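# Summary of the model geometry
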2 protein chains.
Amino acid sequence: MTNAVCEWQPPEQLRQLLDLEMRDTGEPHDRLLKLCQDVIRFSVKTSHPRFFNQLYAGLDYYSLVARLMTEALNPSVYTYEVSPVFLLVEEAVLKKMIEFIGWKEGDGIFNPGGSVSNMYAMNLARYKYCPDIKEKGMSGLPRFTLFTSAECHYSMKKAASFLGIGTENVCFVETDGRGKMIPEELEKQIWQARKEGAAPFLVCATSGTTVLGAFDPLDEIADICERHGLWLHVDASWGGSALVSRKHRKLLRGIHRADSVAWNPHKMLMAGVQCCALLVKDKSDLLKKCYSAEASYLFQQDKFYDISYDTGDKSIQCSRKPDAFKFWMTWKAVGTLGLEERVNRALALSRYLVEEIKKREGFKLLMEPEYANICFWYIPPSLREMEEGPEFWEKLSLVAPAIKERMMKKGSLMLGYQPHQGKVNFFRQVVISPQVSREDMDFLLDEIDILGRDM
Amino acid sequence: MTNAVCEWQPPEQLRQLLDLEMRDTGEPHDRLLKLCQDVIRFSVKTSHPRFFNQLYAGLDYYSLVARLMTEALNPSVYTYEVSPVFLLVEEAVLKKMIEFIGWKEGDGIFNPGGSVSNMYAMNLARYKYCPDIKEKGMSGLPRFTLFTSAECHYSMKKAASFLGIGTENVCFVETDGRGKMIPEELEKQIWQARKEGAAPFLVCATSGTTVLGAFDPLDEIADICERHGLWLHVDASWGGSALVSRKHRKLLRGIHRADSVAWNPHKMLMAGVQCCALLVKDKSDLLKKCYSAEASYLFQQDKFYDISYDTGDKSIQCSRKPDAFKFWMTWKAVGTLGLEERVNRALALSRYLVEEIKKREGFKLLMEPEYANICFWYIPPSLREMEEGPEFWEKLSLVAPAIKERMMKKGSLMLGYQPHQGKVNFFRQVVISPQVSREDMDFLLDEIDILGRDM
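Computed from a predicted structure; not experimentally measured.

Thresholds, definitions, all that
- Every chain begins its residue count from 1, and numbering advances along the sequence as written.
- Lettering for chains starts from A, numbering for ligands starts from 1, and both go in the order in which the items are written.
- Note on the predicted model: pLDDT of at least 70 is required for a residue's local features to be given, and 80 or more for side-chain atom pairs to be given and counted; whole-chain, interface and lining totals, by contrast, use all residues.
- Side-chain measures were taken over the full set of non-hydrogen atoms in the model, leaving aside hydrogen atoms and water.
- A strand pair is defined by DSSP finding two or more bridges across the two strands.
- Every helix listed is a DSSP run of H or I at least four residues long, and every strand listed is a run of E at least two residues long, numbered separately from the N terminus.
- Should any heavy atoms of two residues lie within 4.5 Å, those residues are counted as being in contact.
- Interaxial angle, 0 to 180 degrees, is taken between N-to-C directions of lines fitted to C-alpha atoms, where a helix line uses only the stretch in contact.
- Salt-bridge detection follows one rule: a side-chain nitrogen of Lys or Arg within 4 Å of a carboxyl oxygen of Asp or Glu.
- As used here, buried area is the combined drop in accessible area, with a 1.4 Å probe, of two parts when they are placed together.
- Distance and chemistry together define a polar contact, namely a pair of N or O atoms within 3.5 Å, with one atom able to donate a hydrogen and the other to accept it when in protein, and with adjacent residues in sequence counting only for side-chain atoms on both sides.
- Each residue gets one label: Ala, Val, Leu, Ile, Met, Phe, Trp, Tyr, Cys and Pro are nonpolar, Asp, Glu, Lys and Arg are charged, and the others, such as Gly, are polar.
- By this rule the span expected of a helix is its residue count minus one, scaled by 1.5 Å.
- Any residue under 20% of the maximum accessible area for its type is buried, any over 50% is exposed, and the rest in between are partly exposed; the area is computed with a 1.4 Å probe on protein chains only.
- Fitting of the copies onto one another was done by least squares over C-alpha atoms, counting residues only where both copies have pLDDT of at least 70.
- In this context, the arc is that of the directions from the helix axis out to the C-beta atoms.
- Values of pLDDT, the confidence the predictor places in each residue, fall between 0 and 100.
- All tallies of charge rest on Lys and Arg as positive and Asp and Glu as negative; His and the ends of each chain are not included.
- Ring pairs are drawn from Phe, Tyr and Trp, using the six-membered ring of Trp, whenever the two centres fall within 6.5 Å, and their geometry is named by plane angle: stacked under 30 degrees, edge-to-face over 60, tilted for the rest.
- As a reminder, the over-ring test applies to NZ of lysine and CZ of arginine, requiring each to be within 6 Å of the ring centre and within 35 degrees of the ring normal.

Once that is clear, we can look at the sheet that holds strand β10 (residues 373-378) of chain B. All names here are of chain B. The five strands lie next to each other as β1-β11-β12-β10-β9, forming an open sheet whose pairing is mixed. A strand with exactly one partner marks an edge of an open sheet, and here the two such strands are β1 (51-52) and β9 (363-365). Contacts from helix α13 (residues 399-410) reach β10, β11 (414-420) and β12 (423-430), with the element oriented near 160° to β11. Helix α14 (residues 438-452) contacts β1, β9, β10, β11 and β12 of the sheet and is inclined by roughly 25° relative to β10.

The next subject is the pattern of salt bridges. Two side chains of opposite charge can pair, provided their charged atoms sit close to one another. For the coordinates displayed, the defined rule picks out 92 salt bridges over all chains. Between K332 of chain B and E27 of chain A there is a salt bridge, with its nearest N and O atoms 3.3 Å apart. With K332 of chain B in helix α11 (residues 323-359) and E27 of chain A in the loop between α1 (11-17) and α2 (29-42), the pair connects residues from two separate chains. Among the ionic pairs, E185 of chain B bridges to K188 of chain B, the shortest N-O distance being 3.2 Å. Residue E185 of chain B and its partner K188 of chain B are located together in helix α8 (residues 183-195), separated by three residues, close to a single helical turn. Through salt bridges with shared partners, one network takes in D19, R23, E27 and R31 of chain A together with K332 of chain B.

As a further point, take the interface of chain A and chain B. Chain A puts 142 residues into the contact, and the matching count from chain B is 143 residues. Between chain A and chain B, a total of about 11,900 Å² is buried, with carbon and sulfur atoms accounting for 59% of that surface. Considering only the surface of chain A that becomes buried against chain B, M22, F162 and K332 of chain A emerge as the three largest contributors, covering 8% of it. Our count for the chain A to chain B interface comes out at 16 salt bridges. For D313 of chain A, the salt bridge goes to K158 of chain B, with nearest N and O atoms at 2.9 Å. Where chain A packs against chain B, one counts 83 residue pairs in polar contact (both at pLDDT 80 or more). By residue class, the composition of the side of chain A that touches chain B is 73 nonpolar, 39 polar and 30 charged.

A word on α13 of chain B. Note: α-helices contain 3.6 residues per turn, so residues at a spacing of three or four share the same orientation. All names here are of chain B. Over its 12 residues, α13 extends 16 Å from the first C-alpha to the last, a length consistent with the 16 Å expected when each residue adds 1.5 Å. When we look at burial in α13, the residues that qualify are V399, A400, P401, I403, K404, M407 and M408. The inward-facing, buried residues of α13 contact β10, α12 (390-397), β11, β12 and α14.

Its rotation angle being 180°, the transformation that places chain A on chain B also includes 0.0 Å of axial translation and leaves an RMSD of 0.0 Å. Taken together, the rotation angle and the small translation identify this as a two-fold axis. Most of the interface of chain A is mirrored in chain B: 100% of its interface residues are interface residues there too.

What follows is about the sheet that holds strand β12 (residues 423-430) of chain A. All names here are of chain A. Across the sheet, which stays open at both edges, the five strands sit in the order β1-β11-β12-β10-β9 with mixed pairing between neighbours. At either end of the open sheet lies a strand with only one pairing partner, and these are β1 (51-52) and β9 (363-365). Pairing analysis gives three bridges linking β9 to strand β10 (residues 373-378), with the strands arranged antiparallel. The partner of F363 across the bridge, within β10, is Y378. Lying on the sheet, helix α12 (residues 390-397) is in contact with β10 and β12; it crosses β12 at an angle near 45°.

All names here are of chain A. Cis geometry marks the peptide bond from V273 to Q274, where omega comes out at -5°. As for its position among the elements, Q274 is in the loop between β7 (260-263) and β8 (276-280). Backbone geometry at N74 places phi at a positive 50°, although glycine is not the residue there. Assignment of secondary structure puts N74 in the loop between α3 (61-73) and α4 (84-101). The residue Q421 is not glycine, and still its phi comes out positive at about 45°. On the secondary structure map, Q421 appears in the loop between β11 (414-420) and β12.

Turning our eyes to something else, we now look at α8 of chain B. Residues and elements named next belong to chain B. Under the 1.5 Å per step criterion, the end-to-end length of α8 is 19 Å for 13 residues, consistent within 8% with the ideal 18 Å. Burial in α8 covers these residues: P183, L186, E187, I190 and A193. Each buried residue of α8 sits inside an arc of 125° when the element is viewed along its axis, so together they form one side. When the buried face of α8 is taken as reference, the exposed residues oriented beyond 90 degrees from it are E184, K188, W191 and K195. Looking at the buried side of α8, the elements it contacts are β3 (144-149), β4 (170-173), β5 (199-206) and α9 (218-228).

Note that G140 of chain B resides in the loop between α6 (133-136) and β3. Note on G140 of chain B: relative accessible area 63%, which makes it exposed. Those residues within four positions of G140 of chain B in sequence are excluded, and the remaining contacts are G140 and L141 of chain A.

Taken over all residues, the pLDDT of chain A has a mean of 96, while the share at 70 or more is 100%. Overall fold confidence (pTM) sits at 0.97, and the ipTM for the predicted complex is 0.97.

Bringing the pairing of β8 of chain A into the picture now. Taken residue by residue, a regular strand's side chains alternate between the two faces of the sheet. Residues and elements named next belong to chain A. Among the five residues of β8, five are classified as buried, and the element is accordingly described as predominantly covered. Side chains of β8 alternate between two faces, with C276, L278 and V280 and A277 and L279 buried alike. Bridge analysis of β7 against β8 gives four bridges, and the strand direction is antiparallel. Residue pairing in the sheet places A262 in a bridge with L278 of β8.

Another aspect to go through is the environment of Y378 of chain B. All names here are of chain B. Tracing the backbone shows Y378 in strand β10. Under the relative-accessibility criterion, Y378 is labelled buried at 1%. Separated by 108 residues in sequence, Y378 and M270 have C-alpha atoms that sit 29 Å apart. With sequence-adjacent residues up to four places away left out, Y378 is seen in contact with G362, F363, R384, L396, V399, I403, F427, I448, D449, G452 and R453. Here the side chain of Y378 touches R384 through a polar contact of 3.3 Å, side chain to side chain. Side-chain polar atoms of Y378 contact the side chain of D449, separated by 2.6 Å.

Residue and element names in this part refer to chain B. For D216, the position within the fold is in the loop between β5 and α9. The charged side chain of D216 is buried without a salt bridge, its nearest counter-charge being K180 at 6.9 Å. One polar contact links the side chain of D216 to the main-chain amide nitrogen of T206, over a distance of 2.8 Å. In this view, D216 contacts S149, G179, K180, M181, A205, T206 and I221; residues no more than four positions away in its chain are not counted.

All chains considered together, the criterion is met by 53 aromatic pairs over all chains. Measuring from ring centre to ring centre gives 5.7 Å for F325 of chain A and W328 of chain A, while their planes differ by 25°; the resulting arrangement is stacked. With a gap of three residues between them, F325 of chain A and W328 of chain A both fall in helix α11 (residues 323-359), about one helical turn apart. Both residues of the pair, F325 of chain A and W328 of chain A, belong to the buried class. These aromatic residues form a ring-pair network of at least three members: Y120, F162 and Y291 of chain A together with Y120, F162 and Y291 of chain B. Between the NZ or CZ atom of R50 of chain A and the centre of the ring of F443 of chain A, over which it lies, the distance is 3.7 Å.

Given below as structure tokens:
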């Protein structure tokens, strides 16, 4: 089965096929080579033009070169003396990203994932609100409360739980029909929390929600944050890349008013998993003050060079990979215009797909997308005449999982599905890769129809 | 300057030498190639046999092959459907590591760094102690207190601050002259904290401290944890690899009594930055219960395969790199015996270096090492006759930084130094790489003498 997106094997079978056991003595090289072949064979080809399963896809060859270099160099980015080049590269990339956000200056750090960036921001907002927490902790303090939309990424809950804030202190603000936070609802919730004696400290807006690809109205939200003195974090992990497109950056209008932004170039800009920046507007060294532990064995004060380059103490990590470098390499190679073209191309293809869905029988769009998430149902022939009542939705909810099973077993395509906010299982098509064409979009719809037409 | 460990340039000069600016249009391929050459040229060669600056060094070619493969495959390890092979590999590696700890069964996860593993453990212990915290947070609760040695890694403070516990609630237990936690002092501190109304919940022992390479007495500490009903976490990020050596595993006697263990194969076992496991004794799915957020778009419950393999919800990350795979490849290639030999070899070379230091004039050992950290002063000729009073120590404190500057500028060697627990700046030599020989140890001492003999 060549050229498949995946060669599906259930866990028990795959375990049999691979020789996973580590033994006392090593294996000969021909065995190892066979193992490598099997690993590649049974791994999902995330750079395949028909892999649409996640918010990343495709392969940028410049970024790949950078990644191969860093794997061979095996650096760890904490101090200038061990990672001189990669620290300067990180600084340059952060500076450029800050420019695209629209700040004059700022600070930042690359993290292992957007979830981690969101955690950083939450902790930073908490520290800004109450610096004593670093030493004293939260015990005895009022309930710290944050606000985010009902469509936010699940890392908000993870962060609140990890940071000792508690998931119940995440107030989920209602969204409109397109998945955007309703500013009036946000303000109501802030008043309500205050009335209940809680301590509001943070609003997390989302630019590009995970499922629907919705963009919260940042300007209106920023007004509210200003009125209430709240930190505004924008989770633009997915949508941030629209900033490089003059045509589409309006999706994030008002982002310059944020206090912090999470933006993952490994998604739309294909820098490779992982490449995730947290950007911070503050230039008073808040990141350092909040995170430093000043380990004397690593961050010696009597070094012979300018130790402001030893940025490792801004991080919760000790060893850290040089994730900015791979993005830098792509940016150098294709230029800002090249990045812009990729975003424009992905969004143009998304439009094409939307129009095709509208034309085809048996396909039903959930809503007009703003970005590269196209959410739709496939309605198999047996349901097409049925009234849209409870029985219809119940039956329809079984369709996407069944088609997903078939496409995985066939290996022709990978596409995600989910139930969401009362809507039964639907497909979410994510368009990213510049290697993807209109033919792939047509194939996608044809293939779903082929896989589901007997249902 | 070929074959140098590094080609030192101060930040301002290096910024001039590299063309860091990202422009609107891309650069031609010959420019990019030159850039790649410069990046390599000015990067520190961490796999050079004379790089002793961190707790990692060297390059394992099997691991490198694995890393090149995964960079090309670009997987993200959250669900079985996107990362079937890497999830099974992670499971197999965790199982094997759990065996070496001495548990019958257990659970675990690979994280971006030992610091992050320590955070996981701290949160897990807190959750076990008070599961309500996940939802309710810490506000209104008594001061949660944890105990670790004065020699612990700085990530303990970072974790306590990040998790909302507060650095003041980390009780640092006194150590003996060799850097080991004194169990009686630990118990005293637990009683004291109780008396003050705090809520002790966790003891973090260290197996292989960062500076001295000390191993806390786990059996005695485990007795105390049992008596007081406290979670025992062992930070064996650095020392854990001694477990694969029958000769040296006694350093970690009692580790099977821990509730959780952090162990980084990227250090002594050269898996490549990063490769860091958190291992947990509990098999009641505590990790999942503590960390899950159950995102419906990723962890669908109606999948067609056994979703217990979708382990991503155990993580604070969403996208996650397949760090277990590179270690697995090395283990497959060299076998447990090969890993054991590496550890034995590094520790034998450490002994060799210690004996050489004792023989040489002008070198003074801080203490007999237990592991691969050899801490020593170089005493330049001008100080050799001086009495060891305040003036001597003040002058000596300037020697290591000055020699470090010279070695960096010459590029002959990289070695760390630090002041520590009242001791003035001393060198810390870390022996890891199997590519390192006795000649390199001799070179190290000769070179320090050459660089410092005029001081």
